[in-house]
Amino acid sequence: MNRITIVPGTAFLFLLLQPYFGGLSLALLPSGSVFLFQFFFILFICAIALLSRKVFLHYREAPPASPAPSSPEKREHIIVFSLAVLIFFIAADTFILRYRAEPLGQWDAWAIWQPRTRDFSLSFLRGLDVSFFRSDWAHPDYAPLAALSVAGPLIVVGEWSVSWMPAAMNFLYYVTLVALLLLALRATLKGSAVVGLVVFTGAALSPMLFINATDQCADHYLALIFLGGFVLLDRLPSRTGIMLSGFCAASLPLIKNEGMFLLLALAWYATWLLVWERRSRREFCYFLLAMIFPLLLFILYKLTANRLQPYETTVGHMIEMLLDPERHAAVLVRWLDAHLVLSLAYLPVSWILVRPQKQYLVGSLGILLVFLVYHLIFVVTPADQKWHLDTAFTRITVVVYPAWAFLLLRSLGAGGFTKTRGESSA
């Protein structure tokens, strides 16, 4: 089990850090230096592979003689492998069908995210000046990390291939996300196989997760980084894992504006785990230190990018909407409709089945707080409420389901799959 964490671990760290590499390369390398970009890109991938070994692998001395796996262990291997194959083929088939129907994805993708990707990659490939924001973009105030996550591989390819690269990257997001959940599931099968399978399949096989990924918007990338922040804090994390988790948390607003709310949930979990539970202010300082660079980039971007204010509202009007029971009822109806269809009342059912342990209970409460914030946002939205609910509600709220599933699966499991403090120094 230890060594298979290398593959999803490397993929996750690549998908987290590659946009930063792409942004720095676009800013520092001479435009049109595709060979230099490709050279440093290869070095970057090698560094990520080494870092993933340090963060995700257990360093344990091998036993004198490796005993043959028992029948229960073989059964667990078969279950996890079969699920992985099933989900891979379902996802691949879904991607192919959606790609044929909508090669450029949903409106948000081709109108907002892909124009940024095109500008970043084409400007660099043609030797033009690269700009990280433009006034003629749709929603020019949206942060660029999601677009940079696709622009880097496009530059490595050396040509504009929008017809397949964004879809391929989003497929990689989905596969990596499910792989991390599969590792968490594997650690639970010995004691609570049925409950673990219910929790896992309710999240990983949700149709909305497929739709989010195939839409080629930024939501699925947001879900992966949010999940990764919790994975890196699992059990007894190393100093490197803690810092990467802080980096994940601060990267969330650079992906989408609602990442600010997800940041609060992850920061709340880290604060409780490191300060209250482990009483280690030094480790918490590592977490905060790693947040500085992404947060500075986010603040700088928001201060310099053009602001978009399509709706005008006042504090008094927001309070009036907040006190309107009909607006609350409209959102509650959407919660019931979307999430019953989404995963068979997944939130309450999974909670009742698992009854999470204290550590994971705290993380789950942070996610429920995010749901509360989302509820209030859709109540006081200055846009037409029905239109906003129809176009964004399920797509945005489903982002937190993988992290929710991970916390509950880890509550069922006995051992962690990230490196522990006693096994190697960070």
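None of the values given here were measured: they were computed from a predicted structure.

Participant: Teacher, can you tell me more about helix 10 (residues 239-255) here?
Facilitator: Given 3.6 residues per turn, any residue in an α-helix points the same way as the ones three and four places further on. The terminal C-alpha atoms of helix 10, which comprises 17 residues, lie 25 Å apart, in line with the 24 Å expected from a rise of 1.5 Å per residue. The element helix 10 is extensively covered by neighbouring structure, given that 15 of its 17 residues are classed as buried.

Participant: Would you mind going over the nonpolar core with me for this structure?
Facilitator: Soluble globular proteins tend to pack their nonpolar side chains together in the buried interior. Counting 128 residues, the largest nonpolar core has Phe-12, Phe-200, Phe-226, Leu-262 and Phe-287 as the members making the most contacts within it. Per-element accounting of this core gives the leading share, twelve residues, to helix 6 (residues 165-186). Leu-262 has contacts with Leu-222, Phe-226, Leu-252, Val-370, Tyr-374, Val-399 and Val-400, leaving out every residue within four places of it along the chain.

Participant: When you look at a nonpolar patch on the surface in this model, what are you seeing that I'm missing?
Facilitator: A cluster of nonpolar side chains, Val-315, Ile-319, Leu-322, Leu-323, Leu-369, Leu-372 and Leu-376, forms an exposed patch at the surface whose accessible area comes to about 650 Å². Elements that contribute at least two residues to the nonpolar patch include exactly helix 13 (315-322) and helix 16 (358-380). According to the relative accessible area criterion, Leu-372 is partly exposed, its value standing at 45%.

Participant: Help me understand the pattern of salt bridges in this model?
Facilitator: A side chain with one charge can pair with a side chain of the opposite charge if their charged atoms come near. Across all of its chains, the model carries 13 salt bridges by this definition. One salt bridge in this structure joins Lys-256 and Glu-258, with 3.0 Å as the shortest N-O distance. Both residues of the pair, Lys-256 and Glu-258, count as buried. Through salt bridges with shared partners, a single network forms among Asp-108, Asp-219, Lys-256, Glu-258 and Arg-395.

Participant: I would appreciate a short explanation of the environment of Ala-184 in the present structure.
Facilitator: Among the secondary structure elements, Ala-184 is positioned in helix 6. Between the C-alpha atoms of Ala-184 and Val-231, which are 47 residues apart in sequence, the distance is 9.1 Å.

Participant: Help me out: how do you make sense of the packing of helix 11 (residues 259-277) against helix 16 in this one?
Facilitator: The description of two packed helices rests on the angle between their axes and on the distance between the axes. Contact pair helix 11 / helix 16: the axes reach a minimum separation of 9 Å and the direction vectors enclose 155 degrees. Considering the angle they form, helix 11 stands roughly antiparallel to helix 16. Like other packed secondary-structure pairs, helix 11 and helix 16 cross with a definite hand, here right-handed. Of helix 16, the residues touching helix 11 (which contributes Phe-261, Leu-262, Ala-265, Trp-268, Tyr-269, Trp-272 and Leu-273) are Lys-358, Gln-359, Tyr-360, Val-362, Gly-363, Gly-366, Ile-367, Val-370, Val-373, Tyr-374 and Ile-377.

How each quantity is defined
Residues numbered from 1 in each chain as written. Predicted model: local features only at pLDDT ≥ 70, side-chain atom pairs only at ≥ 80, totals over all residues. Heavy atoms only, no water. Helix = DSSP H or I, 4+ residues; strand = E, 2+ residues; numbered from the N terminus. Expected span 1.5 Å × (residues − 1). Buried < 20%, exposed > 50% of the residue type's maximum accessible area, 1.4 Å probe, protein only. Core = buried A, V, L, I, M, F, W, Y, C linked by side-chain atoms within 4.5 Å. Contact = heavy atoms within 4.5 Å. Patch = residues over 30% accessible without salt bridge, like charges linked within 9 Å, V, L, I, M, F, W, Y side chains within 5 Å. Areas by Shrake-Rupley, 256 points an atom, 1.4 Å probe, with all protein chains shown as cover. Salt bridge = Lys/Arg side-chain N within 4 Å of Asp/Glu carboxyl O. Axes fitted to C-alpha atoms, helices over the stretch in contact; angles between N-to-C directions. Parallel < 35°, antiparallel > 145°, perpendicular 65-115°, else oblique. Left-handed = near helix turned anticlockwise from the far one by under 90°.

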